[in-house]
Amino acid sequence: MSQFTIDEVSPERAIIRAGNRLNMVSAPQLRETVNKAVNSGRSHVVVDLSATEFMDSSGLGALIGALKTARAAGGDLRIAAAGQQVLMVLQLSNMDRILRPYDDPATAFAD
Amino acid sequence: MTMPTAPIDPDDADAPGSRRYRSERAESVRLLILRTWIVITVLLAFNYLLWRWFASINWANWWIGVPLVLAETYSVIDLSLFSLTVWKARQRPDPTLAPATSTVDVFITTYNEPIDLVLRTAAAAQQIRHPHDTWILDDGDRPELRRQAARLGVNYLTRGKEWEGKPRHAKAGNLNNALMQTTGEFILALDADMVPKPEILDRTLGYFTDHAVGLVQTPQYFVNVPTGDPLGSQAPLFYGPIQEGKDGWGASFFCGSNAVLRREALMELGILGYVNATESSVLAGLKEARAITRRALRRRNPPAVQKVLTATMEAITHGLGAIGAGEPIADVTYALRSRIAELSRSIVDGHLAQVSADLAELGLAEAELSEGTVELADRLAAADLSPLNALEAVQTALAATDVGRSAEAQALLPMATISVTEDMATSMRLHANGWKSVYHNEVLADGLAPEGLKTSLAQRLRWAQGTVQVLLKDNPLFLKGLTGAQRLMYFSTMWSYFSGFATVIYLVAPTLFLVAGVLPVSSYAAPFFLRFLPFMIANQLLFVIAARGLPTWRGQQYTLALFPIWIKACTSAAANVWFGRPLNFAVTPKTGTHEDRVSLRDLGWQLAFAIILIVAIVMGTMKLISGSVEPIGTLVNLGWVAFDLINLSVLVGAVRYRGYQHEEAQQ
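Remember, it's a predicted structure, so these values are computed and weren't measured experimentally.

Next up on the list: the overall build of chain B. When helices and strands are counted, chain B shows 22 helices and ten strands. Projecting the C-alpha coordinates of chain B onto the three principal axes gives extents of approximately 115 × 70 × 50 Å. Burial statistics for chain B: of 667 residues in total, 43% are counted as buried. Across chain B, every contact between residues at least 6 apart in sequence was considered, and the portion connecting residues at least 24 apart equals 84%.

With that out of the way, let us pick up the interface of chain A and chain B. Many analyses report the size of an interface as the accessible area lost when the parts associate. With 24 residues of chain A at the interface, the matching set in chain B holds 27 residues. Sorting elements by how many residues they give to the side of chain A that touches chain B places helix H2 (residues 57–72) of chain A first, with ten residues. Of the residues that constitute the side of chain A that touches chain B, the class distribution is ten nonpolar, seven polar and seven charged.

All names here are of chain B. On average, residues of chain B carry a pLDDT of 89, and 92% of them reach 70 or more. Segment residues 1–18: pLDDT under 50, and 31 contacts once partners within four positions in sequence are set aside and those in other chains are kept. Interface confidence in the predicted complex, given as ipTM, is 0.93; pTM for the same model is 0.90.

Turning our eyes to something else, we now look at the sheet that holds strand S10 (residues 445–447) of chain B. Residues and elements named next belong to chain B. Reading across from one edge, S5-S10-S7 is the order of the three strands in this open sheet, with mixed pairing throughout. Taken across any chain shown, the strands that pair with only one partner, and hence form the sheet edges, are strand S5 (194–196) and strand S7 (221–222). Judged from the three bridges that link them, S5 and S10 form a sheet pairing that is antiparallel. Residue pairing for S10: proline 196 is matched across the bridge by alanine 445.

Let's shift gears to unusual backbone geometry. Residue and element names in this part refer to chain B. A positive phi is found at aspartate 229, a non-glycine position, where the angle reads about 45 degrees. With respect to the helices and strands, the residue aspartate 229 is situated in the loop between S7 and helix H6 (238–248). By the C-beta count within 10 Å, which is 23 here, aspartate 229 ends up buried. The residue asparagine 258 is not glycine, and still its phi comes out positive at about 60 degrees.

Residues and elements named next belong to chain A. Strand order in the open sheet formed by five strands is S1-S2-S4-S6-S7, with mixed pairing between adjacent strands. The strands lining the two open edges of the sheet, one partner per strand, are strand S1 (5–7) and strand S7 (101–102). Looking at chain direction, strand S6 (residues 76–80) and S7 are connected through two bridges and run parallel. Paired with alanine 80 across the bridge in S7 is tyrosine 102. Against the sheet, H2 makes contact with strand S4 (44–48) and S6, and its axis sits at roughly 140 degrees relative to S6, the strand it touches most.

Here is what the cut-offs are and how they apply
Residues numbered from 1 in each chain as written. Chains lettered and ligands numbered in written order. Predicted model: local features only at pLDDT ≥ 70, side-chain atom pairs only at ≥ 80, totals over all residues. Helix = DSSP H or I, 4+ residues; strand = E, 2+ residues; numbered from the N terminus. Buried ≥ 20, exposed ≤ 12 C-beta atoms within 10 Å, placed from the backbone. Contact = placed C-beta atoms within 7 Å. Nonpolar A, V, L, I, M, F, W, Y, C, P; charged D, E, K, R; others polar. pLDDT = per-residue confidence, 0-100. Pairing = 2+ DSSP bridges. Axes fitted to C-alpha atoms, helices over the stretch in contact; angles between N-to-C directions.

Put into structure tokens, the structure is as follows:
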């Protein structure tokens, strides 16, 4: 019962849609979902946070772990469509120094 | 519904370190007496010390006179820090009830402890009343323990393959590994030899209704220690007035086991640590790459190399500028990596085009070759085969793009890994980030102490090394975010581990006087007594009052008798932090190791000094009888040497100790 779904956009790319809450309960699931995508060769991962109303430091920790996994596989991890609360957490934790919140999951890898 | 909080078992009320409720009024009176006595003692201490510095150093023998006054200064500072600590040693009121909805993971960390012991703790953990998940974190990766855990019905975790070839960070790594795979709001950390009581969570979770509380520590009390505590295993002073005092100043420490931690606080530590480490390592790496590239550009390079270096330089400069302008580091490093990959690809393409042209010239061109070319170019341009790898400048730039902490198994390191004692380092960071801690002085786990001196010595060495490591790497006096009192509370514990150096001087000075008549002070006559005796008596009484009946003598003896260990801890930790030498510490096996006998080599220094002190007593007494020396000074030094010997004698009992069961059978 994962609240994460993988959208396999291309052989290299995947969009992972996160659920309502990205917290200590769902963080390990996000890790697993990203591992699955990367293991299938899709090392360029976008985490779509449009449905996520709440994220805590465990959720943020899972995103950092996912970034590590994607980079180790030669890809990258990007986050997109973050709401107010998520943006605030990114700011408070200084994580906005590392990750850019992209607007649209579809164009997060446009560069 | 929340379970009602368990009443305190009246039988337990006498266990040392256990919670004995005193009335508010009695507590206030006790504190008033204690504080009055502290003021008196500290005044007497400084009265003596100032006289020593300004009026009584024997400059003729400065080579021992100055070290002695320095040692005494060390001791007075130690006493002052202790006084400051216990100034606020007040019992806490009973905690509020634990919220029934709190989710908890109970972590039992183990490496090489006997499987029976781990299972005993795990079975007791299952009986904890508050709802929770129990996990055995087995760093020994033992299949037998995995089977037994499954049989018992508790979860079992070991390190995954991501840890292969990466630093394991001992217990901190074990806990960090588990933190990423579990989901409880709170973590109860237990060593494998700490058998928890069913009410441990009911009695501690209530404190977390204050959302700023990140840690609740309870005492570590050992049940397999006979009366008299031959190995000095219990730490009644530390787990009594000292932790209560630190708590009063908002600085009670995490001690590794029997503590509840808030996951949110730990994860926050991990994230802040990650952001800081990544930002500084990327910036430092890019600057280094820029310097290397600049140097390389000044050399005489083939045109192709020059072109690549120029492009790399542009990319690095652009990246540094972007970070300076506030662009997120992941984006900047990714762009830099992509740029280098492009460069690599263009060079490979160039080479392959050249190869095709050469082949065509030789009349060997075939259609098949060009078909595989794209794939071949991809392969040859990939990071591992890239021709750019030959350029140090490019390699350094690539290494600087690492935002995934590739050297570590995990990007987040919530439990501090800077020291072999992860607990103190972690709680210091928690405090620096504004989290509060609580010391709940009630024994809620039955511990099993090492039963052999060798193990006990190894354990103390490790604690001391870890504490000094934290001081040298993360000095609390300068760590941002701590309050002044918190700085002093951490520093106080670190300061106490330097006692070994002072002890050597306290052993040497009276010996020199008795054997060779070397006088380190200008006089041992009335002016000395008038200042020294009141101070010494006040000092000893202060310990009695502060300890409120807890046995502290054993601890005092060990502080002196283990001086070689404290010195070794300081020197090895300094060599480790400053010169990268390994500490060579062993995980301490805790039970069933009383056969593990201590060898004379381990206690060589103590033995040597004991012999020297006995010789000093004999010679001093002979001189006294023959009337060839000044009697008062000789008596003072005889008393001093006797005091040293009594302290050292604690090791005789320790060496003879055969373990708890043996001891019980004898009685």
